[in-house]
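# A look at the structure
Here is how the chains run, residue by residue.
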2 protein chains.
Amino acid sequence: MVSIKDIAKKAGVSISTVSYALNGSNKVTDETSSKILAIAKELNYVPNAAARTLKKRESKIVGVFLTDFSGDVYGDLLTGMKAVCNTQGYDLIVCSGRQSHRMLPERMIDGAIILDQTFASEELLQYADRGHKIVVLDRELDHMNINQVLLDNKAGATLAMEHLIEQGLTKIYVVTGPEGSFDSVQRMKAVRQVTEREPNVEWMVITGDFEKSSGEMAANQIIQEYTSPVGVFCLNDEMAIGLCNRLASSELQVGQDIHVIGFDNIELSSYVSPRLVTVDYSKRKWGSLAAEQLIKLMAGEPVEHERIYVKLVGGGSVRNQAEYTPVITVGDNSAAYY
Amino acid sequence: MVSIKDIAKKAGVSISTVSYALNGSNKVTDETSSKILAIAKELNYVPNAAARTLKKRESKIVGVFLTDFSGDVYGDLLTGMKAVCNTQGYDLIVCSGRQSHRMLPERMIDGAIILDQTFASEELLQYADRGHKIVVLDRELDHMNINQVLLDNKAGATLAMEHLIEQGLTKIYVVTGPEGSFDSVQRMKAVRQVTEREPNVEWMVITGDFEKSSGEMAANQIIQEYTSPVGVFCLNDEMAIGLCNRLASSELQVGQDIHVIGFDNIELSSYVSPRLVTVDYSKRKWGSLAAEQLIKLMAGEPVEHERIYVKLVGGGSVRNQAEYTPVITVGDNSAAYY
DNA sequence: TTGTATGCGTTATCAG
DNA sequence: CTGATAACGCATACAA
């Protein structure tokens, strides 16, 4: 490995001069500087990250932590983060799994963005106590060194429930996420608030886990209990799609007998038929905002918690009860109901 | 930041004793060792990654480089890599974009797995020359420090073309990937070989770019030129799905007028209707094999290039010409043709 | 068994 | 403008 020492030797100068030249300091003659640069290039010199990080006490790297790599939500999110990080001189690395948690306390990264169930909140608070800067996307955590950028889960779930109710549905199933999920808990809170205001809406909970398979399970139960048109609010799209998929091989029609609404607007949602009604938000913006907040936090600037707004997007998986009945005799005006 | 120096001071021993104790060396009394460990825990000591990396000249981190984060192929691939890396004491980080290339030469990572168009082959060869260990998944590169783990593109494309021909199709469109793509080039080679053996099959190329939108473009052209049933081999699933999507809003039926086959078997492929016929392979295995090869390479063990085998998976997007015509009068036996 | 001393490759503070 | 030199936090050969 070629180090500044090698360059110094070859150039006949001291290592500090080399360091200055390499870092573009104006404390060195243009002449010697260009000579040094030339030699550096000739020798294929590349600075050693570990040494620089050790000395400067910062790595200029931001880490994102994901529960797993398999989610469909992450693409745009990461793209947004990377864009912001890169323009601010930071590199972004993506990590997953308990093993990788050490990157933060060991100071391999300067800050972390968390969307990762495998991080306990106590663990995060501990790191924050030791001065590490963190942005959380999947929980509420109050600490000087922690900033939250959260989805407006409550608004989304409210929109979804109200939409089903407005279509005339009076019986609604809600398929939840896994127990520990912050998003699931938040969305359920909103569901309860809405239903409390609507006494003549009958609703029941089916426990899911945000995976497609639990949507299928839910479908089985709903098929068994079916008597008349019902609404189903799946707390994420994956489950909604699993549910629609199972329903496709049954007698019941989505958007006619079973009115399905999801959450997240993942890409797949626009490829199921009829198109899934779901709660949409900009994943890209979520990512870039998270990165911006983290960078401010690391720079010592004051930051306030942020919220990502959501809206309902249409499809044929939910139809109005009143309008629908006559339509069936005319033909199938699937999709593009909105 | 608490360092071994702080621990040494508090324990009344030298830093080397602390270092030994922390690293579980048996060169130190159980008594002092446990005392040191206790103090370390009390002080929330965490080793500094940069210092360790600098000293040991290895980071125990493997980097994967992706062209972008948005692909649907990556989930299982990364999961496979992570599993192997973690069991071997390595951490895995995912990087994307030119900025992050530096991680390799700057020795932030011990080795790299490449699935990234933004890496020029010359760049990789240069790094390999300087002793960096690399596994490439997206090109052929011969070097002592580079190992290839490639898809059997040729077999896959051959299977796909032969399948279309066997169904009685005599006119076949092939929608390619972008110009620089290794996979696209390899698949096209196989296409040419097959068609050379089949003189009475008429075939034509449509240039695509592996994105859904180019599948839609291809669909437009095919619709315009349509006279009788044709086969379409899209060199990846994304384009095939874009194509099917566009076709859905036309008069032409997939699996009847237009017989579509893709490549990759991404998750979406099983959600389009009719299910896409495509070339399948284990992304998980691809990832784990790549990681295994890299770890061997880093350990100085001899490794040979590896190949990931592929197979055709069924769906309703391609049907037999002879069998099909009578079936139409009976009803729609969509999907599950295989 | 423990301590001393050195160096990994940088940056940065001083003198000159 | 340039050169010694001292850290950064850790691992380890060698001494005691």
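Since the model is a prediction, treat every value here as computed from it, not as a measurement. (Residues numbered from 1 in each chain as written. Chains lettered and ligands numbered in written order. Predicted model: local features only at pLDDT ≥ 70, side-chain atom pairs only at ≥ 80, totals over all residues. Heavy atoms only, no water.)

### Here's the deal with the relation of the copies chain B and chain A
Mapping chain B onto chain A leaves a residual RMSD of 0.1 Å; the transformation is a rotation of 180° accompanied by 0.0 Å of translation along its axis. What the rotation and shift describe, once combined, is the action of a two-fold rotation axis. Looking at chain B, 100% of its interface residues are interface residues in chain A too, so the copies touch through the same face. (Least-squares fit on C-alpha atoms with pLDDT ≥ 70 in both. Contact = heavy atoms within 4.5 Å.)

### Re the nonpolar core
One finds Ile113, Phe233 and Leu243 of chain A together with Ile113, Phe233 and Leu243 of chain B to be the most contacted residues of the largest nonpolar core, which totals 152 residues. The residues touching phenylalanine 233 of chain A, leaving out its near neighbours within four places in the chain, are Ala157, Ala160, Met161, Leu164, Tyr173, Val174, Val175, Val191, Ile261, Gly262 and Phe263 of chain A. (Core = buried A, V, L, I, M, F, W, Y, C linked by side-chain atoms within 4.5 Å. Buried < 20%, exposed > 50% of the residue type's maximum accessible area, 1.4 Å probe, protein only.)

### Quick notes on the packing of helix H1 (residues 4–11) of chain B against helix H3 (residues 30–42) of chain B
Residues and elements named next belong to chain B. Two numbers describe how H1 lies on H3: the axes approach to 10 Å, and their chain directions differ by 125°. In terms of orientation, H1 lies oblique with respect to H3. Crossing geometry of H1 relative to H3 is assigned as right-handed. Along its contact with H1, which presents Ile7, Lys10 and Ala11, the element H3 presents Lys35, Ile36, Ile39, Ala40 and Glu42. (Axes fitted to C-alpha atoms, helices over the stretch in contact; angles between N-to-C directions. Helix = DSSP H or I, 4+ residues; strand = E, 2+ residues; numbered from the N terminus. Parallel < 35°, antiparallel > 145°, perpendicular 65-115°, else oblique. Left-handed = near helix turned anticlockwise from the far one by under 90°.)

### Digging into the protein's contact with DNA strand C
The environment of DNA strand C is formed by 30 residues, the closest being Tyr20 of chain A together with Ser16, Thr17, Thr29 and Arg57 of chain B. In DNA strand C, atoms within 4 Å of the protein come 59% from sugar and phosphate. Note that a phosphate oxygen of DNA strand C is positioned 3.2 Å from one of the side-chain N or O atoms of serine 19 of chain A. Threonine 17 of chain B has a polar side-chain atom sitting 2.5 Å from a phosphate oxygen of DNA strand C. (Near = heavy atom within 4 Å. Polar contact = N/O pair within 3.5 Å; in protein donor to acceptor, adjacent residues only side chain to side chain.)

### Some points on unusual backbone geometry
Peptide bonds are, in most cases, trans, and in most cases residues other than glycine have a negative phi. All names here are of chain A. That bond from serine 273 to proline 274 is cis: its omega, 0°, falls within 30 degrees of zero. Notably, arginine 57 is not glycine yet its phi reads approximately 60°, a positive angle. With respect to the element layout, arginine 57 can be found in the loop between helix H4 (49–56) and strand E1 (61–66). Its relative accessible area of 63% is what places arginine 57 among the exposed residues.

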